[in-house]
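Here is what each chain is made of, one letter per residue.
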Amino acid sequence: MTAPPETVDLSVVIPAYNEEERLGPTLDAVTRYLADNENRFGSWEVIVSDDGSADGTREVAASWQPHVRLVTADRNRGKGNALRLGVAASGGRRVLVTDADLAAPIEELERLDKALSEGYAAAIGSRAVAGAEISDHQHRLRELLGRAGNLLIRATAVPGIKDTQCGFKLFDGDQAREAFAGSRLDGWGIDVEVLQHLHRGGGSIAEVPVRWSHQPGSKVGPLAYPRVLADLARLRLRRLRPADLLVTVLFLALSIALYSGRFFDPDHRYLTDSLQDQNQWEWFFAVTADNLAHFRNPLFSDFQNFPDGVNLMANTVMLGVSVPFAPLTLLAGPAVSLSACMALGLTATAVAWYWLIVKRVVRHRGAAFVGAALAAFAPPMVSHANAHPNFVILFMIPLIIDRALRLATGARVRRDGIVLGLMAAYQVLLGEEPFLLAALGMALFAVAYAAVRPQVAKESWRPLGKGLLIAGAVCLPVVAFPLYWQFTGPQSYHSVLHGDNAGNSPLSLLAFAERSLLFGDAGRANELALNPTEQNAFYGWPLVLLAFGIVVRLWERPLVKALAFTSVAAAVLSLGPKIRVPLTDTVYPGPWALVRKLPLFESVIEGRVAMICAPALGVLLALAIEKVLATRRIGTQYLGLLAIALAVLPIVPAPLKSEQRTPVPEFIASGMWKSYVGKGESLVPIPLPDPGYAEALHWQTAADLGFKLPGGYFNGPYGEDRIGIYGAVPRYTSSMLRDVRYTGKVPVIGKNWRAQAAKDFAYWKAGVLVVAPQPNDDKLRQAVQALTGKPGRWTGGVWVWDLHEGS
């Protein structure tokens, strides 16, 4: 049995690995200083903790006995292991850990000791606070890496500490031994782990300015920084409870199940109810990756709507995910990339809501899981999961809500304001419309909560307002140019008008969505919605009835009152500027009329406002489940959980419908098109791709964006007022050919039509016209033959007209 260490006033622990050259002078300086200052520091000991050195480090330490004790590791494991051994062997009422190079001179112990005597659990030397003196700096790159790493450390592990890695720290002895004994990291990250342990235990930490000088021969190499970050990641993972990991796996499984019809074969499967949106979003991912690979402007492309092009920033191209996913897009193709992005994005959104509910609302993990599942997999979210990643990938919204709530406390207004600004900037690059709706939801909640808790509102509005101003000051410079390009750049537009019928029917709030597993009715759902991707309410009457019961039962809680107001207000706003009473011809003006003409709001599909209800209902559900589970009456638990199950089960989603994808014609897939399309020319599918039929976008991505297309599926300007429309500005020839495709009727084509077609072909810089097998393709061939004056040629599974022949 090892004898317990002798109790002394101060232990100095020096980790050492291959320090034969520097250890002697360091021990000389330390022991001489402590011997000269015994009246100040009392009895002392010095412990050299050798981490398996391969040189004469141990011999140097041993030569200083009895003033120095040596502890050794059987092999080299890292600084963390050496410190753990050394601190465990200490007996000091205070423990100083210092690096073997004495970059901070031992004389700086006086500053740390003074701070520790004021009641702190630790006093750590810092190079980043006022009063610190650095006489010999590290290499500039190393300093920048250190600062960047510490920003992450502050944000994720030890808030408020500006310099965690300075190797000069004084601890209360008992707390040091407890913290180091509980540590698990063997590398440089042990500093963060120990400080995190003290922080969580309620121990206060003083950051003390010290003199510091970079010493040659430092063991902190370039790889030390990524290793610290890897240690930091391990620390974060260890904080997760097994229940949290299980929840993440369950949400991932739910996401994959929802997309199971396409997820396992994304190249050959198509989400039926995405209409043409899957083609469009795959094109967005493909063109973003291509722009990055060729160092082109990621905010614009002329591969669609050639030669005018497309303003990508004005088309929700989601640079926040399409850019990070660009390597996967280039490697595996846009179909795989989009499929993975949507499944992972939906999972991340659910996990983020779960994290927020656990942190802010309930402690019961099961209750939080059910609430987050409703927030992320509610019927309107599932409807948009067919086609709109910007309404599926919402993981930033819970993080933004949490940061705004932090601001309201007034604790760290400047830091939280900066972080909120960066979060907001990133959300702009994920999707502006969902961000606008989230801001609307947060405003409704804030107004309601302020009404029921006026004292809290009075205390919160100043720090919240200040923090929001800071956030705006940080966010706007980051997004200024993208927004400038969006609203004033090439092919920008002012607004997209959706008419007066884009609001929800009151019945849609109570009905079941098409993809509800038990009660889904496609016919009824589509009667009450614009299309299968815009079933924006459909919470089902059982859930609405349950929510009403929860509000009545828990009405005394201010949170419940605010959530109830938010849900009802969002539902009413979603009915649009005109509300028609069901089964009658009676129409009343809706409150949406007050905001519909405001900037940004004028482009919103107002029915989507009902999506705000999903997280509000999720939080209410989590509160109810925790309340039911907290009761000791088995009968009450049984009836309560049964009622919740009966309300939720009807809206559990079925997997999204998918179908075999139409194969890309051989003419495109094999590259036969290359001999028909010259430099600066376009390939013209007949009819031109538009929001109703955009299969040509799939051809283009399958051909690695080798050719350009006129027409397309995007938002662009129309007329002098630059009103936003879906698709390209119509031209005579494109409109006529589209009519032929949908009606099967070919107009009489004479000299005027041919002259107009020649102008349009020239405008599009057409190299070849292509008619693929499709409804009324015989009529289309007839029309194109009349326009060009020559028959098409069947090749590669399509009819082609080479516009170079005879020119």
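Residues numbered from 1 in each chain as written. Predicted model: local features only at pLDDT ≥ 70, side-chain atom pairs only at ≥ 80, totals over all residues. Heavy atoms only, no water.

1. Quick word on the overall build of the protein chain
So, step 1. Regarding its fold elements, the protein chain presents 31 helices and 21 strands.
So, step 2. The principal-axis extents of the C-alpha atoms in the protein chain amount to approximately 110 × 70 × 45 Å.
So, step 3. Expressed as a percentage of its 807 residues, the buried residues of the protein chain come to 52%.
So, step 4. Here the contacts in the protein chain between residues at least 6 apart in sequence split such that 76% fall between residues at least 24 apart. (Helix = DSSP H or I, 4+ residues; strand = E, 2+ residues; numbered from the N terminus. Buried < 20%, exposed > 50% of the residue type's maximum accessible area, 1.4 Å probe, protein only. Contact = heavy atoms within 4.5 Å.)

2. Thoughts on the sheet that holds strand β5 (residues 122-126)
So, step 1. With mixed pairing, the seven strands of this open sheet are ordered in space as β3-β2-β1-β4-β7-β5-β8. The sheet is open, and its two borders are formed by β3 (68-72) and β8 (205-209), each paired with just one other strand. Neighbour-to-neighbour, the strand axes of this sheet turn through a mean angle of 20 degrees, independent of strand direction.
So, step 2. Here seven bridges tie strand β1 (residues 8-16) to strand β2 (residues 44-50), and the two strands are oriented parallel to one another. In the sheet register, I14 faces β2, and the bridge partner there is V48.
So, step 3. Taken strand by strand, helix α8 (residues 190-200) contacts β5, β7 (168-172) and β8, and its axis lies near 35 degrees from that of β7. (Pairing = 2+ DSSP bridges. Axes fitted to C-alpha atoms, helices over the stretch in contact; angles between N-to-C directions.)

3. Overview of the environment of T743
So, step 1. Within the element layout of this structure, T743 appears in helix α29 (residues 732-743).
So, step 2. Along the sequence, T743 and K779 sit 36 residues apart, while their C-alpha atoms lie 9.5 Å from each other.
So, step 3. A polar contact of 2.6 Å, which involves the side chain of T743, links it to the backbone oxygen of D739.
So, step 4. A distance of 3.2 Å separates the side chain of T743 from the backbone nitrogen of K745, its partner in a polar contact. (Polar contact = N/O pair within 3.5 Å; in protein donor to acceptor, adjacent residues only side chain to side chain.)

4. A word on the pattern of salt bridges
So, step 1. One pass over the structure, following the stated rule, counts 32 salt bridges.
So, step 2. Salt-bridge contacts for D186 lead to R84; the nearest nitrogen and oxygen are separated by 2.3 Å. Separated by 102 residues along the polypeptide, D186 in the loop between α7 (173-181) and α8 and R84 in helix α4 (residues 79-88) bring together distant segments of the chain.
So, step 3. Judged by relative accessible area, which is 17%, R84 ranks as buried.
So, step 4. E514 is the partner of K657 in a salt bridge, and the nearest nitrogen-oxygen pair spans 2.9 Å. (Salt bridge = Lys/Arg side-chain N within 4 Å of Asp/Glu carboxyl O.)

5. Remarks on a nonpolar patch on the surface
So, step 1. Taken together, L517, L518, F519, L649 and V652 make up a surface patch of nonpolar side chains, about 470 Å² in accessible area.
So, step 2. One can find F519 in the loop between α21 (454-488) and α22 (522-527). (Patch = residues over 30% accessible without salt bridge, like charges linked within 9 Å, V, L, I, M, F, W, Y side chains within 5 Å. Areas by Shrake-Rupley, 256 points an atom, 1.4 Å probe, with all protein chains shown as cover.)

6. Comments concerning the packing of helix α10 (residues 242-258) against helix α15 (residues 334-360)
So, step 1. In the contact formed by α10 and α15, the axes pass within 9 Å of each other and the chain directions differ by 140 degrees. The two elements α10 and α15 cross, and the hand of that crossing is right-handed. Residues A243, D244, V247, T248, F251, L252, S255 and L258 of α10 form the contact with α15, whose own contacting residues are A343, L344, L346, T347, A350, V351 and Y354. (Left-handed = near helix turned anticlockwise from the far one by under 90°.)

7. Things to note about unusual backbone geometry
So, step 1. Each neighbour pair has its own omega, and for Q65 with P66 the value is 10 degrees, a cis peptide bond.
So, step 2. Of note, the bond from F306 into P307 is cis; its omega dihedral lies within 30 degrees of zero at 5 degrees.
So, step 3. Position of P307 among the secondary structure elements: in the loop between β11 (300-301) and β12 (310-311).
So, step 4. Notably, L275 is not glycine yet its phi reads approximately 55 degrees, a positive angle.
So, step 5. With respect to the element layout, L275 can be found in the loop between β10 (269-271) and α12 (277-293).
So, step 6. Using a relative accessible area of 38% as the deciding quantity, one classes L275 as partly exposed.

8. Section: the nonpolar core
So, step 1. Residues Y259, F667, I668 and L683 are the most contacted members of the largest nonpolar core, which totals 137 residues.
So, step 2. Considering every element that reaches this core, the biggest residue donor is α15, with 13 residues.
So, step 3. What I668 contacts, discounting residues up to four positions off in sequence, is W673, L683, W699, A703 and F707.
So, step 4. Formed by 34 residues, the second largest nonpolar core is a distinct cluster that contains L10, L102, I106 and V208. (Core = buried A, V, L, I, M, F, W, Y, C linked by side-chain atoms within 4.5 Å.)

9. Details of the packing of helix α18 (residues 396-409) against helix α19 (residues 413-428)
So, step 1. In contact at an axis separation of 9 Å, α18 and α19 are set at 160 degrees when each is read in the N-to-C sense. The angle between α18 and α19 places the two elements in the roughly antiparallel class. Considering only the axes of α18 and α19, their crossing is left-handed. Residue-level inspection shows M396, I397, L399, I400, R403, R406 and L407 of α18 in contact with α19, the latter providing V413, R415, D416, G417, V419, L420, M423, A424, Y426 and Q427.
So, step 2. Residue composition of the contact of α18 with α19, by class: eleven nonpolar, two polar and four charged. (Parallel < 35°, antiparallel > 145°, perpendicular 65-115°, else oblique. Nonpolar A, V, L, I, M, F, W, Y, C, P; charged D, E, K, R; others polar.)

10. Here we look at the sheet that holds strand β20 (residues 793-795)
So, step 1. Within the open sheet, the four strands sit side by side as β16-β19-β21-β20. Their pairing is mixed. Every interior strand has two partners, whereas the edge strands, β16 (682-685) and β20, have only one. Shown here is a sheet whose adjacent strand axes are inclined to one another by a mean of 35 degrees, direction ignored.
So, step 2. Across four bridges, β16 lies against strand β19 (residues 766-771) in parallel orientation. What sits directly across from P685, in β19, is V770.
So, step 3. Across the face of the sheet, helix α31 (residues 777-788) comes into contact with β19 and β21 (798-802) while running at roughly 150 degrees to β19.

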